[in-house]
Amino acid sequence: MRVLSVVEESVVDGPGIRTVVFTAGCPHRCPGCHNPESWNPNGGENMSVETLLTQIQHSGWDGVTVSGGEPFLQPRELAALVRGCKRIGKNVWVYTGYTLEYLEQLSDEHVTDVLNQADVLVDGRFVESMKDRSLRFRGSRNQRIIFLNKV
Ligand code: SF4
C-alpha cells in the first residue's frame, strides 16, 4: 500500500485515540486542501498491509482511521487493511473525497468489502465555501459522517 505517513495518538480523526494511516495519491484536488502533499500517488512509501497491522496492534489505540489522499485509490489494499483492523478489534473510520452513493454504484468487490467492514465513512470532497471550523471530524459542511449499517 502506498502510504504517506502513519500518525499515532490522533484525537482529531474520529473518536478516542487513534492510529491514522494517510494514504498517498488523491485525484480530487480540492481548492484549499489541507494536505496537498498527499496528491502524488508516488509519494510516501510502500508499506505492506501486514506491516501496518503489526504497527497498529502494537500501538494499541482505540481505533484506526484511514485518510489521505484518497484511500479508495487502492481498494484492494484498503479492503485488506480494514478487514485486518476489524479482525484485531479496532473501530475503523475511512475518509474519502467520493460520496457513499458513488462508491456503491461502482460495484467493485473491494470497495464493497470496505463499506461492509468499516464502522464509519466520512465522505465528500472538501468544499472551501462550506468550510466550518466548528465541525467535528470534518472540514466542510457537505461532508457527512456516515455510520455504516452493521447487523
Ligand atoms: S479529497 Fe482530501 S486530500 Fe484530496 S484534495 Fe480533497 S481535501 Fe485534499
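Everything below is about the structure printed above this text.
These figures come from a predicted structure and were not determined experimentally.

**Let's talk about the pairing of strand β2 (residues 18–23)**
Regular strands place their side chains on alternate faces of the sheet.
And then number 1: β2 sits mainly inside the fold: six of its six residues count as buried.
And then number 2: In the sheet, strand β1 (residues 2–10) pairs with β2 via five bridges, with the strands oriented antiparallel. Its bridge partner being in β2, valine 6 is matched across the sheet by valine 21.
And then number 3: Bridge analysis of β2 against strand β4 (residues 63–67) gives five bridges, and the strand direction is parallel. Counterpart to arginine 18 in the pairing with β4 is glycine 63.

**Brief notes about the nonpolar core**
And then number 1: Counting 29 residues, the largest nonpolar core has Leu81, Val82, Val94 and Ala118 as the members making the most contacts within it.
And then number 2: When contributions to this core are tallied by element, the ones reaching two or more residues are β1, β2, α1 (49–59), β4, α2 (75–87), β5 (91–95), α4 (109–117) and β6 (120–123).
And then number 3: With six residues, the top contributor of residues to this core is α2.

**Concerning the environment of methionine 47**
And then number 1: Along the chain, methionine 47 turns up in the loop between β3 (45–46) and α1.
And then number 2: On the neighbour-count criterion, methionine 47 (17 C-beta atoms within 10 Å) is partly exposed.
And then number 3: A sequence separation of 46 residues divides methionine 47 from methionine 1, and the C-alpha atoms of the two residues are 5.3 Å apart.

**What about the site of the ligand?**
And then number 1: Around the ligand there are 13 residues in total, and Cys26, Cys30, Cys33, Gly97 and Phe126 lie nearest to it.
And then number 2: In terms of residue class, the shell around the ligand is built from four nonpolar, six polar and three charged.

**Topic: the sheet that holds β5**
Within a sheet, neighbouring strands are paired by backbone hydrogen bonds and run either parallel or antiparallel to one another.
And then number 1: Taken together, the seven strands give an open sheet; going across it, the order is β3-β1-β2-β4-β5-β6-β7, and neighbouring strands pair in mixed fashion. Two strands close off the open sheet at either side, each with one partner strand: β3 and β7 (144–147).
And then number 2: Bridge analysis of β1 against β3 gives two bridges, and the strand direction is antiparallel. In the strand pairing of β3, arginine 2 is matched with asparagine 46.

**Points about the packing of α1 against α2**
And then number 1: The interhelical angle for the contact between α1 and α2, taken along N-to-C directions, is 30°, at an axis separation of 10 Å. In terms of orientation, α1 and α2 fall into the roughly parallel class. Helix-helix and strand crossings are classified by hand; for α1 and α2 the assignment is right-handed. Here Val49, Leu52, Leu53 and Ile56 of α1 lie close against α2, whose contacting residues are Glu77, Ala80, Leu81, Gly84 and Cys85.
And then number 2: Tallied by class, residues from the contact of α1 with α2 come to seven nonpolar, one polar and one charged.

**A look at α2**
And then number 1: Compared with the 18 Å implied by 1.5 Å per residue over 13 residues, the 18 Å span of α2 between its first and last C-alpha is a close match.
And then number 2: Listed as buried for α2 are Glu77, Leu78, Ala79, Ala80, Leu81, Val82, Gly84 and Cys85.
And then number 3: Those residues of α2 that are buried are in contact with α1, β4, β5 and α4.
And then number 4: Two residues or fewer past α2, glycine 89 is found with a positive phi of approximately 85°.

**Things to note about the environment of cysteine 33**
And then number 1: By the element assignment, cysteine 33 lies in the loop between β2 and β3.
And then number 2: Put simply, cysteine 33 and serine 59 are 26 residues apart on the chain and 29 Å apart in space, counted from C-alpha to C-alpha.

Cut-offs and rules
Residues numbered from 1 in each chain as written. Predicted model: local features only at pLDDT ≥ 70, side-chain atom pairs only at ≥ 80, totals over all residues. Buried ≥ 20, exposed ≤ 12 C-beta atoms within 10 Å, placed from the backbone. Helix = DSSP H or I, 4+ residues; strand = E, 2+ residues; numbered from the N terminus. Pairing = 2+ DSSP bridges. Core = buried A, V, L, I, M, F, W, Y, C linked by C-beta atoms within 7 Å. Near = placed C-beta within 6 Å. Nonpolar A, V, L, I, M, F, W, Y, C, P; charged D, E, K, R; others polar. Axes fitted to C-alpha atoms, helices over the stretch in contact; angles between N-to-C directions. Parallel < 35°, antiparallel > 145°, perpendicular 65-115°, else oblique. Left-handed = near helix turned anticlockwise from the far one by under 90°. Contact = placed C-beta atoms within 7 Å. Expected span 1.5 Å × (residues − 1).

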